[in-house]
Each structure stands twice: as structure tokens, then as C-alpha cells.
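Here are the chains, one letter per residue:
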Amino acid sequence: TQLLEQSPQFLSIQEGENLTVYCNSSSVFSSLQWYRQEPGEGPVLLVTVVTGGEVKKLKRLTFQFGDARKDSSLHITAAQPGDTGLYLCAGAKGGTSYGKLTFGQGTILTVHP
Amino acid sequence: NAGVTQTPKFQVLKTGQSMTLQCAQDMNHEYMSWYRQDPGMGLRLIHYSVGAGITDQGEVPNGYNVSRSTTEDFPLRLLSAAPSQTSVYFCASSYSGGTRETQYFGPGTRLLVL
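Residues numbered from 1 in each chain as written. Chains lettered and ligands numbered in written order. Predicted model: local features only at pLDDT ≥ 70, side-chain atom pairs only at ≥ 80, totals over all residues. Heavy atoms only, no water.

Topic: the state of the cysteines
Residue and element names in this part refer to chain B.
Right, so step 1: Tallied over the entire structure, the rule returns two disulfides over all chains.
Right, so step 2: Each sulfur of the disulfide joining cysteine 23 and cysteine 91 lies 1.8 Å from the other. Residues cysteine 23 and cysteine 91 are joined by a disulfide whose S-S torsion is about -70 degrees; by sign, that bridge is left-handed. One end of the pair, cysteine 23, is in strand S3 (residues 19-25); the other, cysteine 91, is in strand S9 (residues 87-94), and 68 residues separate them in sequence. Accessibility classification places cysteine 23 together with cysteine 91 in one group, the buried group. (Disulfide = S-S within 2.5 Å. Helix = DSSP H or I, 4+ residues; strand = E, 2+ residues; numbered from the N terminus. Buried < 20%, exposed > 50% of the residue type's maximum accessible area, 1.4 Å probe, protein only.)

Concerning the interface of chain A and chain B
Right, so step 1: In this assembly, 29 residues from chain A lie in contact with 24 residues from chain B.
Right, so step 2: Between chain A and chain B lies a buried interface of about 2,000 Å² when both sides are counted; carbon and sulfur atoms form 51% of it.
Right, so step 3: Per-residue buried area on chain A facing chain B is highest for Tyr98, Gly99 and Phe103 of chain A; these three make up 23% of the total on that side.
Right, so step 4: On the surface where chain A and chain B come into contact, there are zero salt bridges.
Right, so step 5: Elements with a minimum of two residues in the side of chain A that touches chain B: strand S4 (31-37), strand S5 (44-49) and strand S9 (85-92) of chain A.
Right, so step 6: Broken down by element, the side of chain A that touches chain B gets its largest block of residues, four residues, from S4 of chain A. (Contact = heavy atoms within 4.5 Å. Buried area = accessible area lost by both parts, 1.4 Å probe. Salt bridge = Lys/Arg side-chain N within 4 Å of Asp/Glu carboxyl O.)

Considerations on the sheet that holds S3 of chain B
Residues and elements named next belong to chain B.
Right, so step 1: Read from one edge to the other, the open sheet built from four strands follows the order S1-S3-S8-S7, with strand pairing classed as antiparallel. The open sheet has two edge strands with one neighbour each: strand S1 (4-7) and strand S7 (64-66). Averaged over all pairs of adjacent strands, the angle between strand axes in this sheet comes to 20 degrees, irrespective of strand direction.
Right, so step 2: With four bridges joining them, S1 and S3 adopt antiparallel strand pairing. Following the sheet pairing, threonine 5 is matched in S3 by alanine 24. (Pairing = 2+ DSSP bridges. Axes fitted to C-alpha atoms, helices over the stretch in contact; angles between N-to-C directions.)

Some thoughts on the nonpolar core
Generally speaking, nonpolar side chains in soluble globular proteins are found buried as a group.
Right, so step 1: Residues Ile13, Leu19, Leu32, Trp34, Leu74, Ile76 and Leu109 of chain A are the most contacted members of the largest nonpolar core, which totals 21 residues.
Right, so step 2: Formed by 19 residues, the second largest nonpolar core is a distinct cluster that contains Met32, Tyr64, Leu76 and Val113 of chain B. (Core = buried A, V, L, I, M, F, W, Y, C linked by side-chain atoms within 4.5 Å.)

Brief notes about the sheet that holds strand S3 (residues 19-24) of chain A
Residue and element names in this part refer to chain A.
Right, so step 1: Strand order in the open sheet formed by five strands is S1-S3-S8-S7-S6, with antiparallel pairing between adjacent strands. At either end of the open sheet lies a strand with only one pairing partner, and these are strand S1 (5-7) and strand S6 (55-58). Strand after strand, the sheet turns through a mean of 15 degrees between neighbouring axes, direction not considered.

A word on a nonpolar patch on the surface
Right, so step 1: On the surface, Val12, Leu112 and Leu114 of chain B cluster together into a nonpolar patch covering about 270 Å² of accessible area.
Right, so step 2: Relative to the assigned elements, valine 12 of chain B resides in strand S2 (residues 10-13). (Patch = residues over 30% accessible without salt bridge, like charges linked within 9 Å, V, L, I, M, F, W, Y side chains within 5 Å. Areas by Shrake-Rupley, 256 points an atom, 1.4 Å probe, with all protein chains shown as cover.)

Brief notes about the pattern of salt bridges
All names here are of chain B.
Right, so step 1: Applying the stated rule across the entire model yields four salt bridges over all chains.
Right, so step 2: The shortest N-O distance in the salt bridge between arginine 36 and aspartate 38 comes to 2.9 Å. Per residue, the accessibility class of arginine 36 equals that of aspartate 38, and both read buried.
Right, so step 3: Two residues, aspartate 38 and arginine 44, come together in a salt bridge whose shortest N-O distance is 2.8 Å.
Right, so step 4: By relative accessible area, which is 12% here, aspartate 38 ends up buried.
Right, so step 5: Through salt bridges with shared partners, a single ionic network connects Arg36, Asp38 and Arg44.

Read these as spatial facts, not as claims about activity.
What follows is the structure, given as C-alpha cells:
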């Protein structure tokens, strides 16, 4: 049973388009993290959201944590080929995760020039 | 700093063989974890450690053993490899940063069990 459901699993778009990736759960998380993973490498942390309703921006990427801390979204504006990769959401419970994260299935994003 | 290092990068095993996947970090992080990544499954936690001498099971611990004798090292042992353990294995480390704790992942070990 996947505690974090990520959608869509695959996304293929043209350069310049906008997109949103969703991460949903029936459980409450104390924090939600978004990672990006390139082929042959480990995931790299993009952002951590902690407070319900929190919005964080990282250049063209906007991350939002749901008010009830059960869901999150990643929005990319004007996608570029360099955004291509695997995007993963991960949730932690408790004040400190102690290295224990629950991951979503991931979204494979391909941005065509 | 080298960050989190993992060896080997690739390994092919026969069913029933045993092996140890090595993981080391030079950031003096308290917490270390092992995950496996399978297509369409994201990453799943195998074992984790909150400090030297302290380990606990994650979501998918069967068939794997860990120990942590030093802060730096956290090896993962496959006792008797099975084809179902074919996967990419990632080691991660983090320090106690509260809810904004950052995990650093190694480059992974790709394991094929025949």
C-alpha cells in the first residue's frame, strides 16, 4: 500500500508549457519534501514544506503544502528541457524524520525542445 | 567533503550468494538509511540508524541485515540473494534538523540477482 500517491506517473510536454505534479495521502505528515533525480544518480532535495498552506518558490518551481498537511503539489512554469527528470515527493512523520521517509511512486517528466 | 559514497556501483550475483553493500558519509550525520528503488515504486525504506549501535527496520527489511559500528559507515548485507532483490539501492544520511531535516543520497548501487 502506497501511503503517498503521486500523479501523473508520466508527463511529456513541450518546452514552454506549464505543468503540475500532485502528491496525495490520507495520512498527515509533519513535513513534505520534493526531490529530483537524474538517471544514474541519487535523489537531490529541492524543497521541504512544513506548515499547512505553505508555499515555496524556487525560480520557476512552486511547491505547496495542503492546509491539512496531507497533500502537496509541484508546479513548473515555462518548462525547459533541463527540467527533465524524475520528481519524487516524500513525507516524514513526527518532529524529526530520523532518516525515515515515505516516498511517492515518482513522476517522470520529459520536456521536449 | 565526498558526501555519501557507495560501493560497488554495479554488482551481479547468483541466487543464494551473499554480499555487502558499503555506504560511508563524511558529514558527521547522525542518521543513515538504506532504500531500494524499483520501477513504479518510488523508494522504499529497508533499514535505518539513528546513531552508532542503533538500527531499526523500515518498510521492507526481510532478507537484509545492517549494523552501525561507527558514525561514518552503514553497510547493508544481503544474506542469501534472491531475484526479488534485483534493484537499485540508495544510502542516505541526515542530521537532526527537526522538520526541515535534509537527506543526502549516495549515487546508488545497481544489483542484479540471477
